[in-house]
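The residues making up each chain are set out below.
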Amino acid sequence: MNIGARLEAIGRLVPENVSIADIGTDHAYLPAWLAERSRIKKAVAGDICEGPCAAARSTVAMYGLNDKIEVRMGNGLAIIRPGETDVIIIAGMGAGTMIEILEAGVETVREASLLILQPMAGAPSLRRWANAHGWYIADEVLVEEGRHLYEIIVLKRGHEAAVSTIAYEIGPRLLEQRPPLFQKHLAKICGQYQKMLLNMQRSAAAKQSGKYQEIQALVQELEGLDDGGYGK
């Protein structure tokens, strides 16, 4: 079963012999991949719309996994009871939507032992949310699929030491580990902020703002990482 590099990277971060909830499961490819390999005890595959749920049921039936995967339609974490699953996986959404889901299901989140999150955008805000809500960034992974570079964030209960602005932007574990895709990740983030500065330069007021100075300082620090000097 080929599920693509992004989902496979997420799947490899799931501990063996756990129960999972895959929120926004779409076709249930990830839980099916895990169950087919006997990596998990059970899975709840959830989506807010009937179309994806129907596709998920089809995948589960096709691979004969009805005894391992239950498809449920519902909004976010409302589909599972607190403590029902060990691991909560949310992938393929913006960080803002993820935070809304996590905060709406606070009791369920509190009972989970591990969160595996793959935001499509806004990873820094997700890291800040984790730090403010008693979650430690245990691991971070970069994965490339097609023309896209994805960040995967693994959270465990615990306290994160003081995190700098640059670490929130890049990812504290990525800064420590410097994986093979690190420079591409850095260039992507740096490019986004450089574009922001260019847009702000069109307005005299924006160019004089504290926000402009803040982004300019951040870009300089990001560019300094190219020398490999940060944290050395």
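Scroll up a little and you will see the structure.
None of the values given here were measured: they were computed from a predicted structure.

## A short note on the packing of aromatic side chains
Working definition: an aromatic ring pair is given by the centre-to-centre distance plus the angle between the planes.
So, point 1. In this structure the tally under the stated criterion is zero aromatic pairs.
So, point 2. The ring of Tyr150 is capped by Arg6, whose NZ or CZ atom sits 5.7 Å from the centre of that ring.

## A few points about the sheet that holds strand β1 (residues 18–23)
Backbone hydrogen bonds hold the strands of a sheet together, and the pairing may be parallel or antiparallel.
So, point 1. Reading across the sheet, the seven strands line up as β3-β2-β1-β4-β5-β7-β6 and stay open at both edges, with mixed pairing between neighbours. Strands at the two margins of the open sheet, each flanked by one partner only, are β3 (69–73) and β6 (135–145). Across this sheet, the average inter-strand angle for adjacent strands is 20 degrees, counted without regard to direction.
So, point 2. Bridge analysis of β1 against strand β4 (residues 87–94) gives four bridges, and the strand direction is parallel. Bridge pairing in β4 links Ile20 to Val87.
So, point 3. On top of the sheet, helix α1 (residues 5–12) reaches β4, β5 (114–121), β6 and β7 (148–157); it is set at about 150 degrees to β6, its chief contact.
So, point 4. Contacting β2 (40–47) and β3, helix α3 (residues 50–62) crosses the sheet at an angle of about 170 degrees to β3.

## Points about the pattern of salt bridges
So, point 1. Evaluated as defined, the whole model comprises 14 salt bridges.
So, point 2. The shortest N-O distance in the salt bridge between Arg37 and Glu36 comes to 3.3 Å.
So, point 3. The structure contains a network of salt bridges with shared partners spanning Glu70, Arg72, Arg81 and Glu84.

## Observations regarding the packing of helix α4 (residues 95–104) against helix α6 (residues 123–132)
So, point 1. The interhelical angle for the contact between α4 and α6, taken along N-to-C directions, is 25 degrees, at an axis separation of 8 Å. In this view, α4 runs roughly parallel relative to α6, as classed from their interaxial angle. Touching Ala95, Met98, Ile99, Leu102 and Glu103 of α4 are Ala123, Ser125, Leu126 and Trp129, all from α6.
So, point 2. Among the residues making up the contact of α4 with α6, the classes are represented as seven nonpolar, one polar and one charged.

## Quick word on the side chain of Asp47
So, point 1. Take Asp47: it is sitting in strand β2.
So, point 2. Although Asp47 is buried, it makes no salt bridge; Arg57 carries the closest opposite charge, 10 Å away.
So, point 3. Polar side-chain contacts of Asp47 include one of 3.4 Å to the backbone nitrogen of Cys49.
So, point 4. If near-sequence neighbours (up to four positions away) are discounted, Asp47 is found in contact with Gly24, Thr25, Asp26, Pro52, Cys53, Arg72, Met73 and Gly74.

## Considerations on the pairing of β1
So, point 1. Of all the six residues making up β1, six are buried; the element is thus mostly covered by neighbouring parts of the structure.
So, point 2. Neither face of β1 is exposed, since Val18, Ile20 and Asp22 on one face and Ser19, Ala21 and Ile23 on the opposite face are all buried.
So, point 3. Taken together, the six bridges between β1 and β2 define a ladder with parallel strand orientation. Note that in β2 the partner of Asp22 across the bridge is Ala45.
So, point 4. Between β1 and its parallel partner β2, the chain crosses via helix α2 (residues 29–36), and the hand of that crossover is right-handed.

Cut-offs used in this document
Residues numbered from 1 in each chain as written. Predicted model: local features only at pLDDT ≥ 70, side-chain atom pairs only at ≥ 80, totals over all residues. Heavy atoms only, no water. Phe/Tyr/Trp six-rings, centres within 6.5 Å; stacked < 30°, edge-to-face > 60°. Lys NZ or Arg CZ within 6 Å of the ring centre and 35° of its normal. Pairing = 2+ DSSP bridges. Helix = DSSP H or I, 4+ residues; strand = E, 2+ residues; numbered from the N terminus. Axes fitted to C-alpha atoms, helices over the stretch in contact; angles between N-to-C directions. Contact = heavy atoms within 4.5 Å. Salt bridge = Lys/Arg side-chain N within 4 Å of Asp/Glu carboxyl O. Parallel < 35°, antiparallel > 145°, perpendicular 65-115°, else oblique. Nonpolar A, V, L, I, M, F, W, Y, C, P; charged D, E, K, R; others polar. Buried < 20%, exposed > 50% of the residue type's maximum accessible area, 1.4 Å probe, protein only. Lys, Arg positive; Asp, Glu negative; His and termini not counted. Polar contact = N/O pair within 3.5 Å; in protein donor to acceptor, adjacent residues only side chain to side chain. Right-handed = clockwise from strand over helix to strand, strands pointing away.

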